[in-house]
Structures are given as structure tokens and as C-alpha cells.
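# Understanding the architecture of this molecule
Residues per chain are reported as follows:
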Amino acid sequence: TDLTSHHYHSLSPTTLSLLKSFDGELEITLFTQDFDLKRNVFFVLDAWKKAAPKLKIHDKEALASYLKENPDFPSNALVLTYQNQTKTINLTQHSFDESLLNQALFQLSQRDQHWIVFLTGHGEPSPFENENRDFSALAKAYQKQGLKVINLNLAHTGFIPDNTGLLVITSPQTSLLPDEENKIKGFLNKGGNVLWLMNFEGLPLPFLSAYLGVKALPGIIIDKHGQAMGTPHPALTIITDYPEGADQHKDLITVFPWSQALDV
């Protein structure tokens, strides 16, 4: 059990996912003469180091001479460097915590690369685990296309990264916080994309239903046509015809097991 005041020694799934997404060497340098700040920062970074062996951590001892040469540089700062990109966190203006570090990591990531971001923190299936309810096969399909897949605990991180190409919401088991709902609506208002995967295990999301104008109807779709074609169960729905314009799918047959109907 982590008894530290800000859970410094328990890295969130978002942080672990972010650290694993960095292919090369991530370098972090701390500039400070504040002993308490140094202790807190290195306590967190020690946990980071265990999760990301390629991480290099430096402590700038010659701060006084550095400040003399760079008078505009903050007296307490954390500098992150990755692939010739640098992000400076002014610790004089911002309280140090894991969320602040996550935001810097997101900003260091390639902005032209859109990430697939799985919402977590509400008992959702995982994109990285292999239980029956998890989505590792979907995540691997994205990764084979060269896309980066990460977890995002929005309540912990506090923001959706600017380079999120797709936010995936998969059957939460507990309700989202009002602030999380507002951030998702803000993401959609700016043109963001959401893939909402519903099933009977997950809670409804009334805010998202209202925003998108779609909700699930009770019950399961029964497909007599599919059963006549030889499916072993009437709850296996077969789609053989796609809307006009979907020419590339004219020979495609899709099976949807135990599906819900949508009221649009």
C-alpha cells in the first residue's frame, strides 16, 4: 500500500503507458537548491526509472553558476529532453506532482502523430491485458498500423492530450465524474473522435447519449435471417448489405454477437 500523501510511489496506468510509449532515451534534469523539492521529485523519478530503464535522471549541482549565465531560467525547474525536443517545467510557478510530469510527457510526444487513447479509471477492459473482456487484439491491430496506444485516467491526468486521434470508451463499470464528462464534451466540441464500445456489462453514459443523440434500447437483437443462414444462435446478427456508397464493403459479411439495438 502506498501511504505517501500524493501516491508518489504508485505510478498511474496513464504514466506507465506513457513511459512505455517512448522508444528512445528520455533525459530529465532537475535544477534546484530546495532539499524538500529535490527529495519529492527524485522519489517519483525513482519509480519512473524502474518502469523505464532508458530514463536518464540528472541533478544539476552547479545551479548558482548556471543561473548567473542564464538569469531568466527559473531557480526551481525540471527539464525533460527527448529526441532533440525540450520541455521545461517551472517548479517555482507549479506544484510538483505526477500529473504535471504527464502533461510534459504528452507535450514532448510527436504532435504530428495521433494517438489511440483508451479511457481508464472506471473498471474498463484493458487494451493491454488478455482476459476475455479486454481489447488487446484491437490495440495490437492499431499498433500494427504504426499507431501508438495508451491508457488515460482522465480524473488523474486532468486533460485529453492534443494529439489524441481517437478516444476509446469501453464499458465503464463506475460513473464518470462531472469534470471528466465536461472534458470529453470539450474534446468532441473541438472536433475530436470518440469510439464508444457499449455492452451489457457497462454503465450507460447519459451525457454521451445526449451529446451524440443515440442510446441503446433494452434487450438483444434477434436475427431470424441469420439463423436461417445457419448461425448456431439467433442472437448472432449477420449483416450482408451495407448502405449505398460503401462499395468497398460490397462483398463483406459481418457478424455481431449479442448486439444491442440503437435508438438514433
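In this report, we go over the structure that sits alongside the text. (Residues numbered from 1 in each chain as written. Predicted model: local features only at pLDDT ≥ 70, side-chain atom pairs only at ≥ 80, totals over all residues. Heavy atoms only, no water.)

## Topic: the overall build of the chain
Each helix and strand counted, the chain has nine helices and 12 strands in total. Within the chain, the proportion of its 264 residues that are buried is 41%. In the chain, of all internal contacts separated by at least 6 residues, the share reaching a separation of at least 24 is 64%. (Helix = DSSP H or I, 4+ residues; strand = E, 2+ residues; numbered from the N terminus. Buried < 20%, exposed > 50% of the residue type's maximum accessible area, 1.4 Å probe, protein only. Contact = heavy atoms within 4.5 Å.)

## Section: the sheet that holds strand 5 (residues 115-120)
Strand-to-strand pairing in sheets goes through backbone hydrogen bonds, with the strands running parallel or antiparallel. Pairing is parallel in the open sheet, where four strands are placed in the order 6-5-7-8. One side of each edge strand has no neighbouring strand; the edge strands of this open sheet are strand 6 (149-153) and strand 8 (194-197). Across the sheet, the mean angle separating the axes of adjacent strands is 25° when strand polarity is ignored. Sheet analysis places strand 5 next to strand 6, joined by five bridges and oriented parallel. When the sheet's bridge partners are listed, Thr120 is paired in strand 6 with Asn153. Lying over the sheet, helix 7 (residues 178-189) contacts strand 5, strand 7 (164-170) and strand 8, oriented at roughly 140° with respect to strand 7. (Pairing = 2+ DSSP bridges. Axes fitted to C-alpha atoms, helices over the stretch in contact; angles between N-to-C directions.)

## A word on the packing of helix 2 (residues 35-51) against helix 4 (residues 98-108)
Helix-helix packing: each pair is described by the crossing angle between the helix axes and the interaxial distance. The interhelical angle for the contact between helix 2 and helix 4, taken along N-to-C directions, is 50°, at an axis separation of 12 Å. Taken together, helix 2 and helix 4 sit at an angle that is classed as oblique. Between helix 2 and helix 4, the residues in contact are Val44, Leu45 and Trp48 and Leu101, Asn102 and Leu105, respectively. Classifying every residue of the contact of helix 2 with helix 4 by side-chain character gives five nonpolar, one polar and no charged. (Parallel < 35°, antiparallel > 145°, perpendicular 65-115°, else oblique. Nonpolar A, V, L, I, M, F, W, Y, C, P; charged D, E, K, R; others polar.)

## A few points about a nonpolar patch on the surface
On the surface, Phe200, Ile220, Ile222 and Trp258 cluster together into a nonpolar patch covering about 410 Å² of accessible area. With respect to the secondary-structure elements, Ile222 resides in the loop between strand 9 (215-216) and helix 9 (224-228). (Patch = residues over 30% accessible without salt bridge, like charges linked within 9 Å, V, L, I, M, F, W, Y side chains within 5 Å. Areas by Shrake-Rupley, 256 points an atom, 1.4 Å probe, with all protein chains shown as cover. Salt bridge = Lys/Arg side-chain N within 4 Å of Asp/Glu carboxyl O.)

## What to know about the pairing of strand 1 (residues 26-31)
Most of strand 1 sits inside the fold, with five of its six residues counted as buried. Note that strand 1 and strand 3 (residues 77-82) share six bridges and pair antiparallel. Bridging from a neighbouring strand, Leu26 pairs with Tyr82 of strand 3.

## Some words on the layout of surface pockets
When its volume is computed, the largest pocket comes out at roughly 690 Å³. Along its surface, the largest pocket is lined by 20 residues, and Leu197, Met198, Phe256, Ser259 and Gln260 are the ones closest to its centre. Contributions of two or more residues to the lining of the largest pocket are made by strand 8, strand 10 (236-239) and strand 11 (254-257). The element best represented in the lining of the largest pocket is strand 8, accounting for four residues. Residues of the lining of the largest pocket, tallied by class, amount to 16 nonpolar, four polar and no charged. As a volume, the second largest pocket reaches approximately 300 Å³. Lining of the second largest pocket is provided by 15 residues; of these, Leu16, Ser17, Lys20, Phe128 and Val149 occupy positions nearest its centre. Those elements giving two or more residues to the lining of the second largest pocket turn out to be helix 1 (13-21) and strand 6. A class-by-class count of the residues in the lining of the second largest pocket yields six nonpolar, five polar and four charged. (1 Å grid on protein atoms, 1.4 Å probe; cavity = no way out; pocket = protein on both sides within 12 Å on 5 of 7 lines; lining within 4 Å. Points joined across faces, edges and corners; volume = space filled by probe spheres on them.)

The values are spatial; any link to function lies outside them.
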